[in-house]
Amino acid sequence: MIRFALPFVFVSFLLTSAFTSSAQTWTWQNPLPHGNANMSVQRPEPNHIIIVGEFGIIIRSTDGGLTWNMCKSNTDKTFHDQSFVDAEYGWACGNDGIISHTTDGGLTWHRQKSGVNKRVYAINFFNRNVGWAVGVGGTVLHTTDGGQTWINKSIPNRDFLRSIYFDDDKRGWIMGWNGLILETTNGGDSWIRVGMDIPGSPEYIYYVDDNIRFICGQNGLLLKTTDRGETWKNIATRTIATFISMFFIDTKTGWVVGKGGVILKTTDGGEKWYRVDSGTSEDLMDISFEGSTGVALGVGGTILRSTDLGETWVSVVKGTTETLYNTIFIDTRTGWVVSRRGDILRTQDGGNSWTTSHVDQNATIYSIAVSDRNNVWAAGDLGYIVHSQDGGVTWTAQLTGKNWQWNSIDFADNQVGGVVGEGGHVGWTTDGGLSWNVSEIAHGSTLYSIEVVSPLHAVIVGATGKILLTRDGGQTWNEAPSPTKVNLFDTEFIDDQDGWIVGYGGTILKTTDGGETWQQQRSGIFLPLHGVDFPDPMNGIVVGKDGTVLRTTNGGLTWTMLKRVTLNNLIGVSMPENGSAWVVGQKGTILRYQETSK
């Protein structure tokens, strides 16, 4: 195990004294512009497009969707919908009752007082003053002064209201789950339930013009009216996909998008629909067109663009969206990441830019190890091990052709290293990987992680709480007493004595005697934890399922959950210096974490 960090006494003092008064910032480095769910798109002007989404994400394009820039949302609350009335004035709504307002075309946003703390799911403004919003628990809100004040007109039930639209200042419609359709004829003072035999649950209502409307929803539901909702016709779509949103450019040509990346198109006013290839299986949440140019968006940061009326679609997201399993940084500028498609990414500027080596597109690479700036190893499927002697520019295969996958690789120096994987297999090398001694030391068990602390000392963790220890350079392995039977996914040592293990159910274990004995630390959560890293004995970071990140400044005596910035599963983490870390995971996630003094 090679460490690249500042001397402990100095950096530990800095972070221990500053952590509680520091500001934590997260920056998306892959994919770009981000990897969270995009929920809603609006087009204030033909080439001016706004997208809102999870964790306060708001992005803006001024070139018809080719390039995107982050906007200042001033919140981490998830936005579900938005409404623009012109090129400058817009509103967005979302979790915990948030309603935010922009007067500069989406560049900056400021929160308004909605008066509710429930999720506001849909918002619709008709001019700069008059607007409506609906949401969870029958929430209905109305404003006549641009949102400076919101009047609560919630209905007396607990329905989940999904969309709202008005024909004029008197007649309006609300749609909700379980086939709920409400109508008002007195400007929202009262609402009555519309009795309709809907073969499914509606998600969205779309107005093509004053008379033609569509309703789309679950199980391929698509309804059409040509008389302002007096009568509805069921349209056959030949799919059971859930439709989430629609868009028409005229009375003939339109699209519907939904779960699983589905896009259907019509050219006859919605009587017949055909499927077009979106190029993604991610759920699509919204769609917009201007002329022949369209944008569709969805979860995982998905942004698709079409220039031929939606016949073909191309992703404009930059970077890989493959799952990333492991990362290691030797300082705050130089690091590596490995991916599901056999790619190894390298950065020399702190992750601002990445170069990709296509090592083997047929082999998933799960782990990477570094002994110095030049010597890098990676391991993965089918016994695959590769080595680079130029910092990851070129790679040479060292071991292939096995019937199991390697899950973890680590080196103590340029010569001595180990690798572990399925079936209880362990590989050990003393010549930099030119030759490997492979043995099966834990028959039938999956081994998830190895830490080669020194040329003689290594620790392995695996399924059902297994902990193995060698003190003689891998010649013999002894099983250490484990305080748990859950799967253990990663281990990290800062020196010959102090180490940590993380695993299923929020498990964190610590040793102070080189791995001979282990004690439980209280994480405060029960989600699986996948990765751990410490730059010194006091300061560490742990990542896991659903965007979980834990931080300690006292060697793990206490752990603090950091602000969640994604729901993507996080798998690997590297903290080369106190206060700077990179986390990687699902859907190509690379996030940089930085602590700064307030």
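## Topic: unusual backbone geometry
Here the bond from N30 into P31 is cis, since omega is -15°, no more than 30 degrees from zero. Looking at the element boundaries, P31 is found in the loop between β1 (22–30) and β2 (38–45). The omega torsion across L32 and P33 is 15°, close enough to zero to call that bond cis. The topology assignment puts P33 in the loop between β1 and β2. The phi dihedral of L382 is positive, around 50°, even though this residue is not glycine.

## A few points about the pairing of strand β50 (residues 529–533)
The side chains of a regular strand alternate between the sheet's two faces. Counting buried positions along β50 yields 4 of 5 residues, so the element is predominantly enclosed. In terms of strand pairing, β50 meets strand β51 (residues 540–544) through 4 bridges, oriented antiparallel. In the sheet register, V532 faces β51, and the bridge partner there is V542. The turn joining β50 and β51, which pair antiparallel and follow one another in sequence, is formed by 6 residues.

## Some details on the nonpolar core
By size, the foremost hydrophobic cluster in this structure holds 26 residues, and its most contacted members are F214, M246, W273, I287 and W313. Broken down by secondary-structure element, the contributors of at least two residues to this core are β19 (213–217), β22 (243–248), β23 (254–258), β24 (263–266) and β26 (284–290). It is β22 that contributes the most residues to this core, 4 residues altogether. Excluding its chain neighbours within four sequence positions, the residues that come into contact with W313 are I263, V276, D277, S278, I287, F289, G294, V295, A296, L304, R305 and S306. By size, the runner-up hydrophobic cluster in this structure holds 16 residues, among which are A37, V41, I59 and M285.

## A word on the packing of aromatic side chains
This model, assessed by the stated rule, comprises 31 aromatic pairs. Taking 6.0 Å as the distance between ring centres and 90° as the angle between the ring planes, the aromatic pair formed by F493 and W518 counts as edge-to-face. Taken together, the residues F493 in strand β46 (residues 488–493) and W518 in the loop between β48 (508–511) and β49 (519–521) connect sequence positions 25 residues apart. The same class applies to F493 and to W518, which are both buried.

## A word on the pattern of salt bridges
In the structure shown here, the tally under the stated rule is 22 salt bridges. Of the charged contacts, one joins R213 and D167 as a salt bridge, the two residues approaching to 2.7 Å between their closest N and O atoms. Of this pair, R213 sits in strand β19 while D167 sits in the loop between β14 (161–166) and β15 (172–176), placing them 46 residues apart in sequence. With relative accessibility at 2%, the residue R213 sits in the buried group.

## What about the environment of R373?
Relative to the elements of secondary structure, R373 occurs in the loop between β34 (365–370) and β35 (376–380). Residues R373 and F329, 44 residues apart in the sequence, show an inter-C-alpha distance of 10.0 Å. Excluding its chain neighbours within four sequence positions, the residues that come into contact with R373 are I330, D331, T334, W336 and G391. At 2.4 Å, the side chain of R373 and the side chain of D331 are in polar contact. Among the polar contacts listed, one links the side chain of R373 to the side chain of T334, at a separation of 3.3 Å.

## Describing the sheet that holds β35
Read from one edge of the open sheet, 4 strands run β34-β35-β36-β37, paired in antiparallel fashion. This sheet does not close on itself; its edge strands, each paired only once, are β34 and β37 (396–399). Strand after strand, the sheet turns through a mean of 25° between neighbouring axes, direction not considered. Direction of pairing for strand β36 (residues 385–388) relative to β37: antiparallel, over a ladder of 3 bridges. The residue of β37 that forms the bridge with H387 is T396.

Reading the values: the criteria
- Residues numbered from 1 in each chain as written.
- Predicted model: local features only at pLDDT ≥ 70, side-chain atom pairs only at ≥ 80, totals over all residues.
- Heavy atoms only, no water.
- Helix = DSSP H or I, 4+ residues; strand = E, 2+ residues; numbered from the N terminus.
- Buried < 20%, exposed > 50% of the residue type's maximum accessible area, 1.4 Å probe, protein only.
- Pairing = 2+ DSSP bridges.
- Core = buried A, V, L, I, M, F, W, Y, C linked by side-chain atoms within 4.5 Å.
- Contact = heavy atoms within 4.5 Å.
- Phe/Tyr/Trp six-rings, centres within 6.5 Å; stacked < 30°, edge-to-face > 60°.
- Salt bridge = Lys/Arg side-chain N within 4 Å of Asp/Glu carboxyl O.
- Polar contact = N/O pair within 3.5 Å; in protein donor to acceptor, adjacent residues only side chain to side chain.
- Axes fitted to C-alpha atoms, helices over the stretch in contact; angles between N-to-C directions.

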